[in-house]
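The lines below spell out each chain.
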Amino acid sequence: MAIDWSKIFKRYRGSWVAFASDEKTVVGSGTTAKKALQSAERKGIAKPILMKMPPKLVSYVGGLGV
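**Q** Looking at this structure, how should I read the nonpolar core?
**A** A general tendency of soluble globular proteins is for nonpolar side chains to be buried together. Ile8, Phe9, Tyr12, Val17, Phe19 and Met53 form the largest nonpolar core, which has six residues in total. Secondary-structure elements contributing two or more residues to this core are α1 (6-12) and β1 (16-19). Leaving out residues up to four positions away in the same chain, Phe9 has contacts with Met53, Pro54, Pro55, Lys56 and Leu57. Of all hydrophobic cores here, the second largest spans five residues; its members include Ala18, Ala20, Val27 and Ala40.

In structure tokens:
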């Protein structure tokens, strides 16, 4: 099932985001991966999922040209 990150994107675009294991709950953020990780660790999350939010959304349609 796809996860809708549109609200998260609006708030955190261009930033690093640390997610809980559900991949929906933001547990930290920062301008670098290290800062996002530290933010999550302060909340007791030892191994968050880190992701860099893009600065803007763009459409992508493609596939393997086999």
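**Q** What exactly am I supposed to notice about unusual backbone geometry here?
**A** Among all residues save glycine, negative phi is the norm, and among peptide bonds the norm is trans. A positive phi angle, near 60°, is found at Glu23, a position not held by glycine. Within the secondary structure, Glu23 sits in the loop between β1 and β2 (26-30). By relative accessible area, which is 36% here, Glu23 ends up partly exposed.

**Q** Honestly, the packing of aromatic side chains in this entry has me stumped. Any pointers?
**A** Aromatic rings considered in pairs are described by the distance between their centres and by the relative angle of their planes. Across all of its chains, the model carries one aromatic pair by this definition. For the ring pair Trp5 and Phe19, a centre distance of 5.4 Å and an interplane angle of 20° mean the geometry is stacked. Placement of the pair is Trp5 in the segment before α1 and Phe19 in strand β1, with a sequence separation of 14 residues.

Cut-off values and rules
Residues numbered from 1 in each chain as written. Predicted model: local features only at pLDDT ≥ 70, side-chain atom pairs only at ≥ 80, totals over all residues. Heavy atoms only, no water. Core = buried A, V, L, I, M, F, W, Y, C linked by side-chain atoms within 4.5 Å. Buried < 20%, exposed > 50% of the residue type's maximum accessible area, 1.4 Å probe, protein only. Helix = DSSP H or I, 4+ residues; strand = E, 2+ residues; numbered from the N terminus. Contact = heavy atoms within 4.5 Å. Phe/Tyr/Trp six-rings, centres within 6.5 Å; stacked < 30°, edge-to-face > 60°.

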